[in-house]
Amino acid sequence: MAVIDAVLDRLLDGLLGLGRLLSPLCSPFVLLQLSALVVLLLLSLRVVCLLWSHAQFTRRLRCFSKPPTQNWLMGHLGEMRSTEEGLQAVDQLVRTYSHSCSWFLGPFYSLVRLFHPDYIKPLLLAPASITVKDELFYGFLRPWLGQSLLLSNGDDWFRRRRLLTPAFHFDILKNYVKIFNHSSDIMHSKWRRLVAEGESRQDMFNHISLMTLDSLLRCTFSYNSNCQESSSEYIAAIFELSTLVIERRGRILHHWDCLYWRSPEGQRFKQACSVVHGFTRTVVQERRAQLLHRGEPEGPDTTGGEEKKKKRVADFIDLLLLSKDEDGHGLTDEEIKAEADTFMFGGHDTTASGISWVLYNLSQHQDYQDRCRAEVNDLLQDRKTEDLDWEDLSSLPFTTMCIKESLRLHSPVSAVTRRYTKDMTVPGGRVIPQGSICLVSIYGNHHNPEIWPDPDVYNPMRFDPENSKDRSSHAFIPFSSGPRNCIGQKFAMAELRVVVALTLRRFRLTPGGVERELTSALRPLQEKLEALNTVKQTCEESAEHIKVRRGQLNTSRLGGSAEHIKVRRGQLNTSRLGGVRRAEHIKVRRGQKAEHIKVRRGQAEHIKVRRGQLNTSRLGGVRLNTSRLGGVS
């Protein structure tokens, strides 16, 4: 069928050329008839192959439970969505089928969805020689990422994995921790400035995404883009490509290249690819020339000396340029470009999502947040700077537990897919036929009540060593598992711990926003006395609703004249709100939750909180206006 697709694509591209060639010999009407006949023949052949393959897979997958379908032909097409409703549908599948089920996207694709560690383990641990990345979910990335480690198979994958593994050695990652500290400092300085300017309602995920991209550009290219403060064509192109890939996956007609590349989305994809590839190609070529002229950069610092180095520390591009296989052959410029683009793609969005959800969950659980903050403060006490070192990361056990529980509850990657070149057997004697797509639901596995009691509850104590010692090794797989697991998982976990720790050190997170933390004796006295957070609320006569989506509390207006909420020395003094005569005080201290505010004008109706989404109804006809800084609202 892939051959037919390629032939059809070439045919459509060549019809105009064929018309010019045959126009002297045939009338336009005859030429049109001939072209239509060829296209109809190929389409008919394609349909016959699809229906035959669909019937074969349907018969062989009868050993798996099959959820109800629209009809025999369309199957479950359109029911798999990357939305909150889509995740709720996964929850229902897990409760109903427990471990696995078959799934059919029309006659086009046959899948087996798995969400139990006993079924997932034999698939992810299968040898890489029989494991293939399917084109349904990964093929759309190929024009952007090329034949990189993420998308390659067989011997090509083995070679690339061997060449890239040294780039993620502990000695290399130690250098990157300094970059994580620096990028976090820039983001936190921006937060302080925005709050001081009265712009306290901010989108946390956007800020953190720019911070992770800033870190990656420094780690990959030693390039200071200043993207956290100013716009960049390269950064905009990466965001555009990420969005277009997700959109294309959800549109079945755009799965065919011959249609997609002629669409407006396809043209935008090509343009964004041109920007990203041009930037990476230029950097790789310039860096190779520098290596030939200046020699190798400085390796990892193992002396611990303070003397300034004369040579630049090796970054990701340097390590790829210097890597050699057993035959002495290195990677070509095109191969290095593909790996650098993959590193940028795989490292920014998922890490930003992970950090945002950790901060959101800690804002909802002040006791856990206080315990993490105390752990960080104890680690950094009596130090001249707040920078974390590589060795410090292992001294944050409870913070790491909170990060892992957040990765379980809100997995940045909800699923991975695999195909196998032979039949695969899973528990119960069930056989997954060769060529079927195995969709390993990381989200479903992490929310399976058979493995995780009360799966929707945020409970970091699940990852206490005593509580997790008898748990399956594949119950928690945020970075996948086996030979084709995420090569950058140690890089990601290091960045998560640094950013989360420094954020808790400097800020207090609440469901209503972010406040500066006033507990460090190392901070200057004048910094302790300054206003921590100023939220400007404007009042109108008619009250509106509170709208909150996935941890984002959209602020509105209160009736009357604008009042200010001043926060000084850890104490929040609220002035009159409209006709409320008596101001209530909220005392905010280091490890103490804010006390409740009594609102007289109207009675608060129900507040629904569901899986990271805070839906708040009317509060006595008054719509509250709260700040949002970084995914925590």
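As the structure is a computational prediction, the values presented were derived from the model and not from experiment.

## Here we look at the pairing of strand β7 (residues 437–441)
At step 1: For β7, the tally of buried residues reaches five of five residues, placing the bulk of the element in the interior.
At step 2: Residues of β7 alternate between two faces, with I437, L439 and S441 on one and C438 and V440 on the opposite face, all of them buried.
At step 3: Pairing analysis gives four bridges linking strand β4 (residues 415–420) to β7, with the strands arranged antiparallel. In the strand pairing of β7, A415 is matched with S441.

## Looking at the packing of helix α9 (residues 204–221) against helix α19 (residues 489–506)
At step 1: Where α9 contacts α19, the axes come no closer than 12 Å and their chain directions differ by 130 degrees. Considering the angle they form, α9 stands oblique to α19. Note on packing geometry: the crossing formed by α9 with α19 is right-handed. From α9, M211, T212, S215, L216 and C219 reach across to α19, where they touch F491, E495 and V499.
At step 2: Here the residues of the contact of α9 with α19 are counted per class, giving five nonpolar, two polar and one charged.

## Some details on the UniProt feature "binding site: heme" (unreviewed entry) in the protein chain
At step 1: Here the UniProt feature "binding site: heme" (unreviewed entry) sits at C486.
At step 2: By secondary structure assignment, the location of C486 is in the loop between α18 (465–468) and α19.
At step 3: The exposure class of C486 is partly exposed, given its relative accessible area of 33%.

## So, a nonpolar patch on the surface
At step 1: Residues V47, L51 and W72 make up a contiguous nonpolar surface patch of roughly 330 Å² in combined accessible area.
At step 2: Positionally, V47 belongs in helix α2 (residues 28–60).
At step 3: Overall, the relative accessible area of 44% leaves V47 in the partly exposed class.

## Digging into the confidence of the model for the protein chain
At step 1: Across the protein chain, pLDDT averages 78, with 73% of residues at or above 70.
At step 2: Note on residues 300–310: pLDDT under 50 across the span, and five contacts to partners over four residues away in sequence or across chains.
At step 3: Low pLDDT (under 50) marks residues 517–633, which in the prediction has 260 contacts with non-local residues, meaning those over four places away or in another chain.

## Let's talk about the side chain of S436
At step 1: Structurally, S436 is set in the loop between β6 (430–432) and β7.
At step 2: Once you skip the residues sitting within four places of it in the chain, S436 turns out to touch F57, L61, S110, R418 and R419.

## Observations regarding the nonpolar core
In globular proteins that are soluble, nonpolar side chains generally tend to be buried together.
At step 1: If you look at the biggest cluster of nonpolar residues, it comprises 100 residues, and the most contacted ones within it are W144, Y176, F221, Y234, F269, I432 and F491.
At step 2: Of all the elements, helix α12 (residues 264–294) adds the most residues to this core, at eight residues.
At step 3: Counting residues in each nonpolar core, the second largest holds 32 residues, with I208, V358, I451 and V500 among its members.

## Digging into α19
An α-helical segment advances 3.6 residues per turn. Residues three or four places apart therefore align on the same side.
At step 1: With 18 residues, α19 should reach 26 Å at 1.5 Å per residue; the first-to-last C-alpha distance of 26 Å fits that figure.
At step 2: Summarising burial for α19: 16 of the 18 residues are buried, a large majority.

## Section: the pairing of strand β2 (residues 109–114)
At step 1: Along β2, five of the six residues are buried, which leaves the element largely enclosed by surrounding structure.
At step 2: Sheet topology places strand β1 (residues 100–105) next to β2; six bridges connect them, and they run antiparallel. Among the inter-strand pairings, S102 is bridged to a residue of β2, identified as V112.
At step 3: Connecting β1 to the antiparallel partner β2 that follows it, the hairpin turn spans three residues, and G106 within it adopts a positive phi of roughly 60 degrees.
At step 4: The pairing of β2 with β7 spans four bridges and is classified as parallel. If you follow L111 over to β7, its bridge partner there is I437.

## Some details on the packing of aromatic side chains
At step 1: Across all of its chains, the model carries 22 aromatic pairs by this definition.
At step 2: Seen from their ring centres, Y260 and W261 are 5.1 Å apart, and the 65 degrees between their planes marks the pair as edge-to-face.
At step 3: Of the residues examined, Y260 reaches a relative accessible area of 1% and is grouped as buried.
At step 4: Measuring from ring centre to ring centre gives 4.5 Å for F316 and F343, while their planes differ by 35 degrees; the resulting arrangement is tilted. Here F316 is found in helix α13 (residues 316–322), whereas its partner F343 is found in helix α14 (residues 333–364), with 27 residues between them in sequence. Judged on exposure class, the residue F316 and its partner F343 are both buried.
At step 5: Here the aromatic residues F168, Y176, F180, F316, F343 and F491 are joined through ring pairs into a cluster of three or more.
At step 6: The positively charged end of R248 is found above the aromatic ring belonging to Y260, 4.1 Å away from the centroid.

## Some remarks on the sheet that holds β2
At step 1: Strand order in this open sheet of five strands is β1-β2-β7-β4-β3, and the pairing throughout is mixed. Both edges of this open sheet fall to β1 and β3 (131–132), since each of them pairs with a single strand only.
At step 2: The sheet contact formed by β3 and β4 spans two bridges and is antiparallel. The residue bridging T131 from the neighbouring strand is Y420, located in β4.
At step 3: Seen against the sheet, helix α3 (residues 84–97) touches β1, β2 and β7 and runs at an angle of roughly 135 degrees to β1.
At step 4: Across the face of the sheet, helix α4 (residues 117–124) comes into contact with β1, β2, β4 and β7 while running at roughly 125 degrees to β7.

Definitions and limits used
Residues numbered from 1 in each chain as written. Predicted model: local features only at pLDDT ≥ 70, side-chain atom pairs only at ≥ 80, totals over all residues. Heavy atoms only, no water. Buried < 20%, exposed > 50% of the residue type's maximum accessible area, 1.4 Å probe, protein only. Helix = DSSP H or I, 4+ residues; strand = E, 2+ residues; numbered from the N terminus. Pairing = 2+ DSSP bridges. Axes fitted to C-alpha atoms, helices over the stretch in contact; angles between N-to-C directions. Parallel < 35°, antiparallel > 145°, perpendicular 65-115°, else oblique. Left-handed = near helix turned anticlockwise from the far one by under 90°. Contact = heavy atoms within 4.5 Å. Nonpolar A, V, L, I, M, F, W, Y, C, P; charged D, E, K, R; others polar. UniProt positions renumbered as here; feature names shortened; annotations may be inferred. Patch = residues over 30% accessible without salt bridge, like charges linked within 9 Å, V, L, I, M, F, W, Y side chains within 5 Å. Areas by Shrake-Rupley, 256 points an atom, 1.4 Å probe, with all protein chains shown as cover. Salt bridge = Lys/Arg side-chain N within 4 Å of Asp/Glu carboxyl O. pLDDT = per-residue confidence, 0-100. Core = buried A, V, L, I, M, F, W, Y, C linked by side-chain atoms within 4.5 Å. Expected span 1.5 Å × (residues − 1). Phe/Tyr/Trp six-rings, centres within 6.5 Å; stacked < 30°, edge-to-face > 60°. Lys NZ or Arg CZ within 6 Å of the ring centre and 35° of its normal.

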